[in-house]
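Chain residues, written in single-letter form:
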Amino acid sequence: MFKDCTIKYQRAPDNPSNDKDCILVTYPKEINLETKEEYDFQRTLIVPINEENRHYKAILKWVEDGGTVEEAD
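Criteria and cut-off values
- Residues numbered from 1 in each chain as written.
- Predicted model: local features only at pLDDT ≥ 70, side-chain atom pairs only at ≥ 80, totals over all residues.
- Heavy atoms only, no water.
- Pairing = 2+ DSSP bridges.
- Helix = DSSP H or I, 4+ residues; strand = E, 2+ residues; numbered from the N terminus.
- Axes fitted to C-alpha atoms, helices over the stretch in contact; angles between N-to-C directions.
- Contact = heavy atoms within 4.5 Å.

Strands sit in the order β1-β2-β3 across an open sheet of 3 strands; the sheet is antiparallel. In the strand order of this sheet, the two ends are held by β1 (6–10) and β3 (44–48), each with one partner. Taking each pair of neighbouring strands and ignoring which way they run, the sheet shows an average axis angle of 20°. Note that β1 and strand β2 (residues 22–26) share 5 bridges and pair antiparallel. Its bridge partner lying in β2, Tyr9 is registered against Ile23.

Its place among the elements puts Val69 in the segment after α1 (54–64). In this structure, the C-alpha to C-alpha distance between Val69 and Glu51, residues 18 residues apart in sequence, is 16 Å. Not counting residues within four places of it along the chain, the set of residues in contact with Val69 comprises Ile7, Lys8, Tyr9, Ile23, Ile59, Trp62 and Val63.

In structure tokens form, the structure reads like this:
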């Protein structure tokens, strides 16, 4: 699910506590199978830090299996 993705914590600019608000998952650019060219866009998934969210659960499992979430800027 997260092969070759960039996974990074994100903070809202108006968050005074500087806590992590969500996780940003950026998928690699996809390739058009007919032309073999990359599309001009990348899929991005914004995942709330919420134990009930299925994507967050998948990220926790990915981390458990050795993945690392990059720190926020």
